Amino acid sequence: MAIVIKSQREIELMREAGRILALTHEELRKAVKPGISTYEIDKIGEEVIRSYGCIPSFLNYNGYPASVCVSVNEEVVHGIPSKKRILQDGDIVSLDCGVIYKGYHSDSARTYGVGEISEKASDLIKVTKESFFEALKVCKAGNHINDISKAVFDYITARGYSAVRDLVGHGVGANLHEAPEVPNFTRLKKGPKLKPGMTLAIEPMINIGTYEVLWLDDDWTVVTADGELSAHYENTVLITEGEPEILSRAQGIEL
Ligand code: MF3
Ligand code: CO
């Protein structure tokens, strides 16, 4: 599949999708507390998205049954919200969410601590987020996809972590998943050249132990093979002639 270069109009729509997504994440962030169920988190996300007249893009995507992927501790991504799963003090939780505004997608994820978390857990969350910003530094026209992959990979590897290989970032736009793939590990192949108007979901999925993952019986929930913690951080990014622009952001709201 060819990489779609977005027009000014499409970029405008993705900016608005991203703004609404950032506002949604802000409400989710406030809701994360010991005692809340992952089901309730999903419902808050869906409500906020619909309150802006947007569509939750994950709901029914390939049969996924919710609007927010809620992944706790050793769950890497695609955790299915449940009334029975109650967040506990000391957990970490990754919230992955997507919205469609007038036909255009934005996709982003955050990982939070629940109550008081260990230093080991907070370091993982911090390094995962930082690795995204390392990648952002090389999001320049003329560089290649592998520059992004290598930036994430080198940053997390130097700090003793591993990057999930079975799942990758992706182009995003009129579809949730578009070309190109954006891996978080490198085998040195340059990959496609970055061009202005490309929009990428860059999403480090970083583990404390092995990079290997497994799928649970629900066929969605991805977990670390060794049961160690995993964190996820994602934004939708526009490549420009100059500095990259994070589209999944809103004024006054922390990234
Ligand atoms: N953010 C995820 C991704 O980038 C999307 C979740 S997949 C879904 O692939 F099926 F749950 F929607
Ligand atoms: Co994504």
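Residues numbered from 1 in each chain as written. Chains lettered and ligands numbered in written order. Predicted model: local features only at pLDDT ≥ 70, side-chain atom pairs only at ≥ 80, totals over all residues. Heavy atoms only, no water.

Asker: Quick rundown of the overall build of the chain? Include the residues and the values.
Answerer: In terms of regular secondary structure, the chain is built from four helices and 15 strands. The C-alpha atoms of the chain give a radius of gyration of 17 Å, which matches the 18 Å a tight globule of 255 residues would have. Across its three principal axes, the chain shows a C-alpha extent of roughly 45 × 45 × 35 Å. A total of 255 residues make up the chain; the buried ones form 56% of that total. The contacts of the chain with a sequence gap of at least 6 include a subset with a gap of at least 24, amounting to 70%. Averaging the locations of the 28 positively and 37 negatively charged side chains of the chain gives two centres separated by 6 Å. (Helix = DSSP H or I, 4+ residues; strand = E, 2+ residues; numbered from the N terminus. Rg over C-alpha atoms; globule rule 2.2 N^0.38 Å. Buried < 20%, exposed > 50% of the residue type's maximum accessible area, 1.4 Å probe, protein only. Contact = heavy atoms within 4.5 Å. Lys, Arg positive; Asp, Glu negative; His and termini not counted. Charge placed at Lys NZ, Arg CZ, Asp CG, Glu CD.)

Asker: Account for the site of ligand 1, with residues named and values stated.
Answerer: Every residue lining ligand 1 is accounted for by F58, Y61, Y64, C69, H78, D96, D107, H170, H177, E203, W220 and E234. Side-chain polar atom of D107 to a nitrogen atom of ligand 1: 3.0 Å apart, as the coordinates give it. The side chain of H170 places a nitrogen or oxygen atom 2.7 Å from an oxygen atom of ligand 1. Contact with the protein chains covers 95% of the free accessible surface of ligand 1, which is 330 Å². (Near = heavy atom within 4 Å. Polar contact = N/O pair within 3.5 Å; in protein donor to acceptor, adjacent residues only side chain to side chain. Areas by Shrake-Rupley, 256 points an atom, 1.4 Å probe, with all protein chains shown as cover.)

Asker: If you had to explain the pattern of salt bridges to someone new, which residues and values would you point to?
Answerer: Counted according to the given criterion, the structure contains 15 salt bridges. Across the salt bridge formed by E27 and K30, the nearest N and O atoms sit 3.1 Å from each other. Here E27 and its partner K30 are both found in helix 1 (residues 8–31), three residues apart, which amounts to about one turn of the helix. The salt bridge involving K43 is made with E46; its shortest N-O contact spans 3.3 Å. In this pair, K43 and E46 are both assigned in helix 2 (residues 38–51), three residues apart and thus about one turn of the helix distant. When its relative accessible area of 31% is taken as the criterion, K43 is described as partly exposed. Through salt bridges that share partners, E12, R15 and E245 make up one connected network. (Salt bridge = Lys/Arg side-chain N within 4 Å of Asp/Glu carboxyl O.)

Asker: For the coordination of the cobalt ion (ligand 2), give the residues involved together with the corresponding values.
Answerer: Bound to the cobalt ion (ligand 2) are the protein donor atoms D107 (OD), H170 (NE2), E203 (OE) and E234 (OE), situated 2.1 to 2.3 Å from the metal. When the donor residues of the cobalt ion (ligand 2) are listed from N- to C-terminus, their spacing reads D-x62-H-x32-E-x30-E. Residue D107 is found in strand 5 (residues 104–113), and its partner H170 is found in strand 7 (residues 169–171); the two are separated by 63 residues along the sequence. Of the two residues examined, D107 and H170, each falls in the buried class. (Donors = N, O, S within 2.8 Å, 3.2 Å for Na, K, Ca; no water.)

Asker: Help me get a handle on helix 3 (residues 119–137), residues and values and all.
Answerer: The end-to-end C-alpha distance of helix 3 is 27 Å, a good match for the 27 Å that 19 residues give at a rise of 1.5 Å each. All of the buried residues in helix 3 are A121, L124, I125, V127, T128, S131, F132, A135 and L136. (Expected span 1.5 Å × (residues − 1).)

Asker: Explain the packing of aromatic side chains residue by residue, including any values.
Answerer: Within the structure shown, the criterion is met by four aromatic pairs. A ring pair is formed by F133 and Y233, whose centres lie 6.0 Å apart and whose planes are at 45°; its orientation type is tilted. Within this pair, whereas F133 is found in helix 3, its partner Y233 is found in the loop between strand 13 (230–232) and strand 14 (235–238), the two being separated by 100 residues in sequence. On the basis of relative accessibility, which here comes to 3%, the residue Y233 falls in the buried class. The rings of F132, F133 and Y233 are connected pair by pair, giving a single aromatic cluster. If you follow R159 out to its NZ or CZ, it ends over the ring of Y155, 3.6 Å from the centre. Positioned over the ring face of Y211 is R165, at 4.5 Å from the centre of the ring. (Phe/Tyr/Trp six-rings, centres within 6.5 Å; stacked < 30°, edge-to-face > 60°. Lys NZ or Arg CZ within 6 Å of the ring centre and 35° of its normal.)

Asker: Tell me about helix 2, and name the residues and values.
Answerer: A rise of 1.5 Å per residue sets the reference length of helix 2, with its 14 residues, at 20 Å; its end C-alpha atoms lie 20 Å apart and thus fit the reference within 8%. Within helix 2, the full set of buried residues consists of T38, I41, D42, G45, E46, V48 and I49. Seen from one end, helix 2 has its buried residues packed into an arc of 165°, which puts them on one side. Residues of helix 2 that are exposed and point over 90 degrees away from its buried face: E47 and S51. Next to the buried residues of helix 2 lie helix 1, strand 1 (55–56), strand 2 (68–72) and strand 4 (92–101). (Arc of directions from axis to C-beta.)

Asker: Mind laying out the sheet that holds strand 8 (residues 178–182), listing which residues take part and the relevant values?
Answerer: Pairing in this open sheet of five strands is antiparallel, and the strands run 8-7-9-14-15 from one edge to the other. Strands at the two margins of the open sheet, each flanked by one partner only, are strand 8 and strand 15 (245–246). Sheet analysis places strand 7 next to strand 8, joined by three bridges and oriented antiparallel. By the bridge assignment, G171 is partnered in strand 8 with E178. (Pairing = 2+ DSSP bridges.)

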